[in-house]
Amino acid sequence: MALWKPDPTFYASPRDAASAPAEKLAYVAAFDRAAEKPDAIAVLDVDPGSGSYGSVVGWTDLPYLGDELHHFGWNACSSALCPGSPHPHVERRYLIVPGLRSSRVYVIDTKDDPTAPKIVKILEPDELAKRAGYSRPHTVHCGPEGLYLTALGGANGEEGPGGIALLDHSSFEVLGRWEVDRGPQYYAYDAWWHIAHDVLVSSEWGTPSMVEDGVVGELLLGRKYGHSLNFFDLRKRKHVQTVDLGDEHQMVLELRPAHDPTKQYGFVGVVVSVEDLSASVWVWHRDGDAWAAKKVITIPAEPADAADLPPVIQPFGAVPPLVTDIDLSVDDQWLYVSCWGTGELKRYDVSDPFNPVEAGSVRIGGIVNRTPHPAAPDQRLAGGPQMVEVSRDGKRVYVTNSLYGAWDDQFYPDGVGAWMAKLDSTADGFAFDERFFPHGDDFRGLRPHQTRLQGGDASSDSYCYP
């Protein structure tokens with residue numbers, strides 16, 4: 001139903017969003033690696049004044065097995081306030097939740113009872129295949145004219161190309177393939193935009209067979225995973241440029257464009273360099289009439305005894321950082337970088353995006369270190385900071401520990417466990433909140449992955465006014 005006034009969780013500018021009320025709930029996608037019980041959306045109490053703070057207070061099981069929930073997003077966000085938006089009165093109430101393995105997409109309503117979300121629609125895999133030609137849906141972003149759903153694979157068993165499907169805001173039907181001319185783009189992963197400049201950026205992981213059973217060593221060492229950024233004309237839906245980061249930089253994943261709509265730069269994380277196992281963060285930017293990218297952060301591998309390493313990396317005698325997520329605060333000052341392999345979450349001051357300055361780091365989990373949470377100092381933790389989500393005001397940072405089932409098993413073969421942590425982030429410090437540590441049985445045997453915050457967060461909204 002349309003609203004008479006815009007949704008109060010929509011904000012015209014990043015400045016308005018940063019001054020909005022704090023979130024009280026977090027929604028977390030959790031999956032069963034064995035596919036023996038349904039995946040679920042867990043609802044966490046994140047209100048420090050609540051008696052159930054830090055606890056799972058709601059749970060929505062999905063009706064099928066083996067979906068493997070991964071990334072998900074809101075049906076609508078602040079981009080609905082952009083000039084010319086055909087949907088200014090949509091409402092942020094539905095979570096759009098894809099199954100990365102099943103290619104199913106769930107629409108889950110959070111409005112009537114936010115702690116007991118209800119499934120109201122299910123898009124079956126054949127709908128995505130028939131209408132858009134895609135499979136393995138991965139990332140959801142709310143645009144002013146519809147929902148952008150990136151997908152890794154092609155339809156009907158085809159490996160690719162991956163790309164973007166567009167869904168209707170209200171009916172959630174698949175409208176079709178977004179690209180009119182994809183140019184040379186074949187691999188897919190994330191897609192986001194400089195919305196005020198009619199620019200869309202996409203990144204590259206690999207096709208379904210390259211990722212869903214774990215890292216394929218021959219492909220990695222052969223430099224066959226994605227290593228480029230692709231730029232499109234957002235209105236014309238046409239490819240305009242590819243920027244290759246170099247084939248040694250394998251798996252170009254999370255995109256974090258500047259929230260300030262007057263700026264044309266953003267950050268992207270690279271999982272690993274096959275030359276030295278380092279990870280990196282790059283800034284893309286305008287260079288005259290073209291796009292360019294520059295490596296601005298390099299995180300080296302950490303030496304380790306081969307006996308302490310899983311088989312997949314034993315020959316290297318080192319732990320790769322494995323940067324698998326990054327997140328940018330709404331004020332564009334702080335960039336958070338998760339090093340899932342070494343178990344470190346780094347914070348950088350990126351006020352000057354071309355010269356980041358490290359401004360804090362914490363350790364938790366890690367392939368070798370198994371660093372405990374301060375709330376449970378005797379409990380060695382597997383996994384590491386993986387998905388990162390930042391509150392609108394930038395003061396709270398949430399992390400979960402599972403990456404993707406087959407990859408969890410490769411790098412943490414003794415079990416990845418399940419945990420979530422929260423950090424307090426201020427100009428003076430960056431540290432764990434010892435009151436917030438849901439873990440183990442709190443997630444009912446499932447592995448937590450992405451988090452979305454009630455009312456929006458740093459990676460869900462786009463703004464059209466500075």
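Residues numbered from 1 in each chain as written. Predicted model: local features only at pLDDT ≥ 70, side-chain atom pairs only at ≥ 80, totals over all residues. Heavy atoms only, no water.

- Under an unreviewed UniProt entry, the name given to the protein chain is Methanethiol oxidase, and the source organism is Actinomadura syzygii.
- The Sequence similarities (unreviewed entry) field of the UniProt record for the protein chain holds the comment "Belongs to the selenium-binding protein family." (UniProt positions renumbered as here; feature names shortened; annotations may be inferred.)

**Description of the side chain of Arg256**
Thought 1: Mapped onto the elements, Arg256 comes out in strand S16 (residues 249-257).
Thought 2: Take Arg256: its relative accessible area is 4%, and that puts it in the buried class.
Thought 3: For Arg256, the side chain forms a polar contact with the main-chain oxygen of Ile326, separated by 2.5 Å.
Thought 4: If we ignore the near neighbours within four places in the chain, the residues touching Arg256 are Asp190, Trp192, Gly266, Phe267, Trp284, Asp325, Ile326, Asp327, Leu328 and Ser459. (Helix = DSSP H or I, 4+ residues; strand = E, 2+ residues; numbered from the N terminus. Buried < 20%, exposed > 50% of the residue type's maximum accessible area, 1.4 Å probe, protein only. Polar contact = N/O pair within 3.5 Å; in protein donor to acceptor, adjacent residues only side chain to side chain. Contact = heavy atoms within 4.5 Å.)

**Let's talk about the pairing of strand S5 (residues 94-98)**
Strand residues, when the strand is regular, have side chains that alternate between the two faces of the sheet.
Thought 1: With five of five residues buried, S5 lies mostly within the body of the structure.
Thought 2: By the alternation rule, side chains of S5 split into Tyr94, Ile96 and Pro98 and Leu95 and Val97, which are all buried.
Thought 3: Relative to S5, strand S4 (residues 73-74) runs antiparallel, the two being bridged by two bridges. Counterpart to Trp74 in the pairing with S5 is Leu95.
Thought 4: Direction of pairing for S5 relative to strand S6 (residues 105-109): antiparallel, over a ladder of five bridges. Paired with Pro98 across the strands is Val105, a residue of S6.
Thought 5: Linkage of S5 to S6, two consecutive antiparallel strands, is achieved through a turn of six residues, within which Ser103 is found at a positive phi near 65 degrees. (Pairing = 2+ DSSP bridges.)

**Focus on helix H2 (residues 125-132)**
Thought 1: Along H2, the positions that sit buried rather than exposed are Leu128, Ala129 and Ala132. Buried residues of H2, viewed axially, fall in a sector of 105 degrees; they line one side. Opposite the buried face of H2, at more than 90 degrees from it, the exposed residues are Asp126 and Lys130.
Thought 2: On its buried side, H2 packs onto strand S8 (134-143), strand S9 (146-154), strand S10 (163-167) and strand S11 (174-177).
Thought 3: Phi turns positive, to about 80 degrees, at Gly133, one or two residues after H2. (Arc of directions from axis to C-beta.)

**What to know about the pattern of salt bridges**
Thought 1: Enumeration according to the criterion identifies 31 salt bridges in this entry.
Thought 2: The partner of Glu145 in a salt bridge is Arg235, with the nearest N and O atoms 3.2 Å apart. Within this pair, whereas Glu145 is found in the loop between S8 and S9, its partner Arg235 is found in the loop between strand S14 (228-233) and strand S15 (238-244), the two being separated by 90 residues in sequence.
Thought 3: Arg235 gets classed as partly exposed once you look at its relative accessible area, which sits at 42%. (Salt bridge = Lys/Arg side-chain N within 4 Å of Asp/Glu carboxyl O.)

**Thoughts on the environment of Asn156**
Thought 1: Tracing the chain through its elements places Asn156 in the loop between S9 and S10.
Thought 2: The exposed category is assigned to Asn156, whose relative accessible area is 75%.
Thought 3: As a C-alpha pair, Asn156 and Pro125 span 31 residues in sequence and 9.8 Å in three-dimensional space.

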